[in-house]
Every structure is written in structure tokens, then in C-alpha cells.
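# Structural features, examined
Residues per chain are reported as follows:
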Amino acid sequence: MYKINYFNHAFFIILFSALSFSTWPDNFISLENRKKPIVKYGIASYYAHKFNGRKTSTGVLYDSKRMSAACNVLPLRTWVKVTNLKNKKWIIVQINDRLHYRNKRLIDLSRAAAQQLGYIKSGITKVKVEVVKKPSGK
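Computed from a prediction, not measured in an experiment: that's the story for all the values here. (Residues numbered from 1 in each chain as written. Predicted model: local features only at pLDDT ≥ 70, side-chain atom pairs only at ≥ 80, totals over all residues. Heavy atoms only, no water.)

### Thoughts on the environment of threonine 125
For the record, the criterion: Strands are runs of DSSP state E lasting at least 2 residues, helices are runs of H or I lasting at least 4, and numbering of each runs from the N terminus. Here a residue-residue contact requires only that any non-hydrogen atoms of the pair lie within 4.5 Å. Whenever two N or O atoms come within 3.5 Å, that pair is a polar contact, provided that in protein one can donate a hydrogen and the other can accept it, and provided that, for residues adjacent in sequence, both atoms are side-chain atoms.
Structurally, the position occupied by threonine 125 is in strand S6 (residues 124–132). Residues contacting threonine 125, with those up to four places away along its chain left out, are Gly42, Ile43, Ala44, Asn84, Lys86 and Tyr119. Here asparagine 84 takes part through its side chain, which lies 2.9 Å from a polar atom of the side chain of threonine 125.

Listed below in C-alpha cells is the structure:
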């Protein structure tokens, strides 16, 4: 009879779990010991309505009427200033979710954030994303 070695199974499960959680996307930015400001340019879109009420990566429920963002290249809970390059409107929002790993956009914003930036009709826009310190009073 074949004897199962539970120690080996547990070892491989822990090993593969650690490897899968320790890998970051190639373009992921670390905020530790940064001297230069972090500025990224790219395309922004906004969340589809079907995500309303679902949990984000930080555990907060997504609400399209509140300001929030999803980004794959910056750490969760990072505060960013997002500027619409077409009309120069800007907002400050916290990253609380991740994009799908195949999504090539820089950032997804909540509908409220997209409305403030003025790109609801077009659905996407070119943006500048700058890492900022946590706003006072938040």
C-alpha cells in the first residue's frame, strides 16, 4: 500500500504559495527609499457597473459613487493625483484594487472619479498619475 507523506505535501504547498505571492508584475514600482517623484503616463478607464458592491483587493466594498482606483504598477493604499491630460482636471484618489493582469491600462477609476475628470462619455482618457502623500483629514 502506498503511504502518503503529509510533510512533503505541506512543504510543496507552502513553497508554491510563497512563490506565487512573492512575484510582482515586471513594471511594479516600489515606494521604499524613493528620492524622485513617481510619475506615470497612460490610459485611464472606469469600472463597469457590474463591480458595484464587490470586494476590492483591500477588502473594501466597491462603490461607484465614491472615489477609488485600481492599478497594477503601484502598491495598494497608495495615494495618487490623477490628471486628465485632455482637460487638465485632476483628483486625488487612493488605490484600493488591482486590474486584471491582462489589462494594459494604467489605472481604472470609479465612476465618480471618472465623472470629476470629465471622461464618462468617452470611457477612456490619457492621464498623468503622480504619487502623493496622504491628504490631510482623510
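### Some words on the pattern of salt bridges
Stated formally: Salt bridge, as used here: a side-chain nitrogen of Lys or Arg that lies within 4 Å of a carboxyl oxygen of Asp or Glu.
Evaluated as defined, the whole model comprises 1 salt bridge. Salt-bridge contacts for lysine 128 lead to glutamate 130; the nearest nitrogen and oxygen are separated by 4.0 Å.

### A look at the nonpolar core
So the rule is basically this: Buried residues of nine kinds, namely Ala, Val, Leu, Ile, Met, Phe, Trp, Tyr and Cys, make up a nonpolar core once their side-chain atoms join them within 4.5 Å. Only protein chains enter the calculation, and the probe is 1.4 Å; a residue is then buried if its accessible area is under 20% of its type maximum, exposed if over 50%, and partly exposed in between.
In this structure, Leu74, Val80, Val82, Ile107, Leu109 and Val129 are the most contacted members of the largest nonpolar core, which totals 20 residues. Sorting the residues of this core by element identifies strand S3 (79–84), strand S4 (90–97), strand S5 (107–109), helix H2 (111–117) and S6 as the ones contributing at least two each. Look past the residues within four positions of leucine 109 in its chain and what remains in contact with it is Ser45, Tyr46, Tyr47, Ser68, Ala69, Val82, Ile91, Val93, Ala114, Leu117 and Tyr119.

### A look at the environment of valine 60
Examined against the element boundaries, valine 60 turns out to sit in the loop between strand S1 (39–46) and strand S2 (69–70). For the pair valine 60 and asparagine 96, spaced 36 residues apart in sequence, the C-alpha to C-alpha distance is 7.7 Å. Other than its neighbours up to four places away in sequence, valine 60 contacts Arg54 and Lys55.

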